Every structure is written in C-alpha cells, then in structure tokens.
Amino acid sequence: MFDSTLRPAAMIRAASRALPRALLSLLLLVACGGETRDDATASNSGGTMIVVQPEEPSTLFPPMLTSSAGLGIVDGIFDRLAEIGPELNVSGDRGFTPRLASSWLWAPDSLSIAFTLDARARWHDGAPVRAEDVRFTFAVYTADSVGSDHKSVLGNIDSVSVRDSLTAVFWFKRRLPHQFFEATYHMYMLPSHLLSAIGMDQLKDAPFGRAPVGTGRFRFASWERGVRMDMIADTANARGRALLDRVIWSFVKDYGTATVKLFAGEADFYEAIRPENIPEAERSATLLLQPAPTLQYGLLIFNLGARGDTTAPNPMFGDVRVRRALAMALDRVKMAKNVFDTLGAVSLAAAPRALIPDSGALRPLPYAPAAARALLDSAGWILTAGDSVRARDGVRLTFEVLAPQSSLARQRYATLLQEQLRAIGVDVRTRTLAGAAIGAQVMSHDFDAFVWVWGMTPGRLGMVQTWGSRGSQNMGEYRSRVFDVLLDSALLAFDDTRSRRLWTATLQQLIDDQPAIFLYEPQTPIAVHKRIRTAPLRPDAWYANLADWSIDPTQRIDRDRIGLGGPR
C-alpha cells in the first residue's frame, strides 16, 4: 500500500517531472554476493538482493494470502498453471504464457479446458507435479473450512477432474469471457503429496505456511520471524534457475526504519518511498527512482450496518442522502494536492483509471457544499442556531474515522475529512490504529468509517469480493441487487461495446450509491539500487518477473562480508 505524507510542492514537482502516470504498490530489492557458477549466464546473474518492507506476512500459505506483504515471496516460490501477459488481458487466453501447464485445450462448447502439465516440472522436494495437485489445489481454495478469500472469484468453476497423471480438466458452469483467467490467475498450485493428509480445517495453521514447498524458480530457505525471510534460486527448475542467487526479505518495524536502511545501503529495493524522501533519493549516487504502475485506489469506507449489528441499518450511513452529502462536501482535488502534490490523483470511481473502460462516460459527484447541506436538511439532520453540529431526533451527526499507523497519507486524509466536513455541520473524530487493530474492528463491524487502499486484480473481477452482496471483503456491508445484476451482466459480456457500456453502468451505480467515498489514486515511485536490472514491472504484481531480475556484475557487493547476505 502507498504510504505518503505532506511535502512542499516545489520539492515534489522536481521529483516527479520524469515520472509517467502510475498506479499500485508493493515490494522487492537488490544486492550481491553469492555462489560462483560456471554456466553461460554466470556473468549476468548471481548475487543477493535485499528487499526491505515494514510489513511481514503472517503466512506463506497461498490460499490465505490477503495482503501485499507476502505476495512477492509467494510469487517467487509458487507457480500458477499459466501467467497473465503484460497487457493484463482477461478475455480468453490471449497473452497468457505457460507455467506449470505446457499447453491447454478448450472443449468445443468452451465449458471445459484441459491443461497438460509440463512433464519436467518438480516440487522443490523433488516430487513430480501431477494433475492430482491441480484438483487438490482447487479443492483447498474453495473449501469452506479453509476460508480463502479467493473462493468468491472461483464460483464459475464447477469442478476439476484428473484425466491422466499430466492432464487436469477444469469444468465451468457457464461460458464467460474470463474463464481462463479464473482457472489460472487466482490459484497457486499446491503439493497434494505433502498436504492431502492434513485436514482441510487445519491447513491454514499447518507448518507448511511457515516453510512452504513450491515449484517456482526460487525455493524457500529460512524465515526468522520479525527479522528476515530468505529464498534461493532453484538450480534444478524446469524453466531455468533464477538469475539472482538469493533474495532476502528484510522486515522492519516501521517505514522510517525501512527508509534508514535504504539510504544506509542495507537494502536494494523499497516500494514505499515517501514524498519527503524523494529529494534525498534523487541526490543519491546509488539509488534510482522508478515509476511504479499500480492498480490501487484509496477510499473512505462506510459501515452501512449498525455498529456491531449488521442486521440493522446504520442510523447515519444507511441513508444514501447522507453518504452523497458527505462526498459532495469534500474538495477532493484540493485534498489530493495537499497530501500528494503531483504524486497522486483524484479517484474517479471504485477502480483505478487503468481499469475504467470509458472514464469520460462516468458522472462523479461534484464538489458542492451548498447542495450537500440541502441533502442533509432533507434527511432530517438539521443545524440549529447556535450549534456547530447537526442533529436529528436528539442524535448528533458525529462519527469516527479510523486510519492506519503505517500510512501518513491516510492519516492526513482523515484529518482533512475532519476539517472539511466540519464546514457543513458534521463532527468527525479521527483515530489512528495499527493495521491489525483496524482489521479486528472491521471484522467485528465495530466501526463507523475507515480510510483504506484497495489493490484490484486485472479484469475488475475482484469487485465481486469487495462490493458484491456476498463478497468476502465487502467490509462496509454494501448490499444492492441492482449493482449485483449490473456486475454479473458486465462479467458475462463478450461483445466489447456491450462490455464497456455495462462496466460504465456498474461503476456509475457505486458512484450513485456512495457506499464509500472514492478519494485518490497514488502515483508514488519506488527506489531501487542502480546496480539492479529489473524486468518489466506489471501493475498488478511488480515481482511477477523477479526471477529475471539481475545485478550488474561490475557492481557486486559482498553481502556476506558485511553480514547481510549469508545463509540463515
């Protein structure tokens, strides 16, 4: 997630002139040292790269991965059946490249796809990859007792069968443009020979999540909780060994400590550089600022159910007039300028611009404080003479906004919300908590509103999770039959013109309903050491091509000598 803070405009402008428009955030980095090899690529590969990040994953069990903290690690250790292309196309299989599957064949009616596995593929313990692993993986991701958030986007897959040891067949309930995307993008393959004997209800807490075995071009090496996690190149991998010998994920307590390690030369890649640190990074003789394409947007999520009781409507936010009034009272252009200067943009809808098919057709709510006051009046929230806060039936229009301690940007947005809503007679109290504490309150529905960042998947399929009535990540308890129908229709549309029209209507419905106020899109760059040669950074996953990153052999650092790169 992007965590930025205020910065004088002149300093930010200088830092951002060379940056193209960009959108998401995450992790990785670079360094050196490592084993000597006599292969043909030895001059262009090897060495240790160090990634520093303020967040540590709670598990490396792929079905339970819910945050960006472990995504880069899992991407390196595990494989999908096929990998999405750089254009992030989700219709059909155009652009997808083989991973564990060497090929695939569609049925004439398009209701099944047979994946042929690469006969050379092996798990890191040496066991061959088999079709039963694919069947087992689908069973795990969709098991109620496992509780994976990914289950809600796999609903169109009826089952997975084993045709022979190297052929797994996906059977679908109906033809959809994104069938192939469903079968590949949302599931990392799991080793059935290691996990099938463990009860489904015990998998998420099994030791495997702390010492995983995958098929990726990196293999797990060690994990020292609160300190670091190491992964090393899988030298026997069927797709070729990674160019880097080792990647160290260095976990620190906060963003300040991470920044210190970066500038001290103890880290090679840092994705959460803050605007106030950009001038120093520009002056650095060893660092580069690199555009960071993302699929993220920031928003204020309302609790539409009564606090602690989702069976009753929220006395304030249950009324769409109140939600629309709050949105219209905010000068979101000024807020984005205040927080990000030129490194952020106003969000148009419940999706980043890169995933909006026709942004010109959307009708965002205007900044109109007078109209906002009139809406609140019509909803019965009256500002009486001599009072500064509106009330209805003796209840004052006051609520609490939560913001995470890890994000200065979201804390600043909470403060600006408080200041701007005061002008229309709304009392906002702000509270800063650790991300885990906010998560606990949200899960128990014990909150009014909170400032958050959503990272979307290609194709907007994740909207089923975040805004669908049965979505596993629908934190605000938004329920709309109209939206559900529009979303389902958009997902069903094969024709491009019809698809664009339906997606516009779907996004517009969320704008009209305002279950959240869509605030900003972050465009903060990443900081990477100049000796690192990165592969193309995909907006949905910067680290998807991590195995093809390398280090300039003329700028190697002996990490072992300075105590940063040795085996643990």
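Scroll up to find the structure.
Quick caveat, the model's predicted, so the values are computed rather than measured.

A. Expanded view of the overall build of the protein. In terms of regular secondary structure, the protein is built from 15 helices and 25 strands. Looking at the protein as a whole, 59% of its 568 residues are labelled buried. A total accessible area of about 21700 Å² is found for the protein, and carbon and sulfur atoms account for 52% of it.

B. Looking closely at the sheet that holds strand 20 (residues 427-433). If you walk across this open sheet you meet the six strands as 16-22-13-21-19-20, and the pairing is mixed. Taken across any chain shown, the strands that pair with only one partner, and hence form the sheet edges, are strand 16 (344-346) and strand 20. Averaged over all neighbouring strand pairs, the angle between strand axes comes to 30°, with direction disregarded. Relative to strand 22 (residues 516-522), strand 13 (residues 296-302) runs antiparallel, the two sharing four bridges. Residue pairing in the sheet places Leu 299 in a bridge with Phe 518 of strand 22.

C. How the structure looks around unusual backbone geometry. Of note, the phi angle at Leu 88 is positive, near 60°, even though the residue is not glycine. Summarising the element assignment, Leu 88 is placed in the loop between strand 2 (82-83) and strand 3 (97-98). Exposure remark for Leu 88: the relative accessible area of 13% places this residue in the buried category. Of note, the phi angle at Arg 460 is positive, near 65°, even though the residue is not glycine. Note that Arg 460 resides in the loop between strand 21 (449-455) and helix 13 (463-466). The class for Arg 460 is buried, based on a relative accessible area of 12%.

D. How the structure looks around the side chain of His 124. Note on placement: His 124 falls in the loop between strand 5 (112-117) and helix 3 (131-141). Reaching out from His 124, the side chain makes a polar contact with the backbone oxygen of Gly 216 at a distance of 2.8 Å.

E. Spotlight on the pairing of strand 23 (residues 526-529). What you see with strand 23 is no split at all: Ile 526 and Val 528 on one side and Ala 527 and His 529 on the other are buried throughout. Direction of pairing for strand 11 (residues 269-270) relative to strand 23: antiparallel, over a ladder of two bridges. Note on strand 23: the bridge partner recorded for Phe 269 is Val 528. Here four bridges tie strand 12 (residues 287-290) to strand 23, and the two strands are oriented antiparallel to one another. Considered in strand 23, the bridge of Leu 288 is made with Val 528.

F. Inspection of the packing of aromatic side chains at higher detail. Tallied over the full model, the rule gives 21 aromatic pairs. Between the aromatic rings of Trp 104 and Phe 115, the centroid separation amounts to 6.2 Å while the plane-to-plane angle is 50°, which identifies the pairing as tilted. Note that Trp 104 is positioned in strand 4 (residues 101-106) and Phe 115 in strand 5, a separation of eleven residues in sequence. Aromatic ring contacts, followed pair by pair, group Phe 96, Trp 104, Trp 106, Phe 115, Phe 170 and Phe 180 into a single cluster. In this structure, Arg 80 packs its charged tip against the face of Tyr 185, placed 4.7 Å from the ring centre. Between the NZ or CZ atom of Arg 225 and the centre of the ring of Trp 223, over which it lies, the distance is 3.9 Å.

G. Structural view of the packing of helix 14 (residues 481-492) against helix 15 (residues 496-513). Here helix 14 crosses helix 15 at 155°, and the two axes come no closer than 8 Å. Our classification of the angle between helix 14 and helix 15 gives roughly antiparallel. The handedness of the crossing between helix 14 and helix 15 is left-handed. Listed contacts from helix 15 to Val 482, Phe 483, Leu 486, Leu 487, Ser 489, Ala 490 and Leu 491 of helix 14 are Leu 502, Trp 503, Ala 505, Thr 506, Gln 509 and Leu 510. When its residues are assigned to classes, the contact of helix 14 with helix 15 shows ten nonpolar, three polar and no charged.

H. Representation of helix 3 in the model. Taken across its eleven residues, helix 3 has eight buried, putting it largely inside the fold. Within helix 3, burial applies to Ala 131, Asp 133, Val 134, Phe 136, Thr 137, Phe 138, Val 140 and Tyr 141. Tucked into the core, helix 3 has its buried residues touching strand 5, strand 6 (157-164), strand 7 (167-172) and helix 5 (192-195).

I. Quick peek at the nonpolar core. Judged by nonpolar contacts, the single largest core of 170 residues is most densely connected at Phe 170, Phe 399, Trp 467 and Leu 546. Excluding anything up to four places from it in sequence, Phe 399 contacts Met 316, Phe 317, Leu 326, Leu 421, Val 426, Asp 427, Val 428, Arg 429, Asp 448 and Ala 449.

J. Examining the environment of Arg 174 more closely. With respect to the secondary-structure elements, Arg 174 resides in the loop between strand 7 and helix 4 (179-185). A relative accessible area of 36% means that Arg 174 is categorised as partly exposed. The spatial distance from the C-alpha of Arg 174 to the C-alpha of Ser 112 is 9.6 Å, given a sequence separation of 62 residues. Contacts of Arg 174, omitting those with residues within four sequence positions, involve Leu 111, Asn 156, Gln 179, Asp 488 and Leu 492.

K. View of the environment of Asp 149. Examined against the element boundaries, Asp 149 turns out to sit in the loop between helix 3 and strand 6. Sequence separation of Asp 149 and Thr 66 is 83 residues, and the distance between their C-alpha atoms is 7.4 Å. Look past the residues within four positions of Asp 149 in its chain and what remains in contact with it is Pro 63, Thr 66, Gln 465, Ser 472 and Gln 473.

L. Molecular detail of the sheet that holds strand 6. In spatial order, the strands read 4-5-7-6; together these four strands make up an open sheet with antiparallel pairing. Edge positions in the sheet fall to strand 4 and strand 6, since each of these pairs with one other strand and no more. Strand-to-strand twist in this sheet, taken as the mean axis angle between neighbours without regard to direction, amounts to 20°. Of the strands in this sheet, strand 5, strand 6 and strand 7 are in contact with helix 3, which crosses strand 6 at around 165°.

M. Summary view of helix 15. If you check helix 15, its first and last C-alpha atoms are 26 Å apart, about what 18 residues at 1.5 Å a residue would give, namely 26 Å. Structurally, helix 15 contributes buried residues whose contacts are with helix 8 (320-328), helix 13, helix 14 and strand 22. Capping the start of helix 15, Asp 495 holds a side-chain oxygen 3.2 Å from the backbone nitrogen of Thr 497, two or three residues further along. Positive phi appears at Gln 514, one or two residues downstream of helix 15, with a value of about 50°.

Calculation rules
- Residues numbered from 1 in each chain as written.
- Predicted model: local features only at pLDDT ≥ 70, side-chain atom pairs only at ≥ 80, totals over all residues.
- Heavy atoms only, no water.
- Helix = DSSP H or I, 4+ residues; strand = E, 2+ residues; numbered from the N terminus.
- Buried < 20%, exposed > 50% of the residue type's maximum accessible area, 1.4 Å probe, protein only.
- Areas by Shrake-Rupley, 256 points an atom, 1.4 Å probe, with all protein chains shown as cover.
- Pairing = 2+ DSSP bridges.
- Axes fitted to C-alpha atoms, helices over the stretch in contact; angles between N-to-C directions.
- Polar contact = N/O pair within 3.5 Å; in protein donor to acceptor, adjacent residues only side chain to side chain.
- Phe/Tyr/Trp six-rings, centres within 6.5 Å; stacked < 30°, edge-to-face > 60°.
- Lys NZ or Arg CZ within 6 Å of the ring centre and 35° of its normal.
- Parallel < 35°, antiparallel > 145°, perpendicular 65-115°, else oblique.
- Left-handed = near helix turned anticlockwise from the far one by under 90°.
- Contact = heavy atoms within 4.5 Å.
- Nonpolar A, V, L, I, M, F, W, Y, C, P; charged D, E, K, R; others polar.
- Core = buried A, V, L, I, M, F, W, Y, C linked by side-chain atoms within 4.5 Å.
- Expected span 1.5 Å × (residues − 1).

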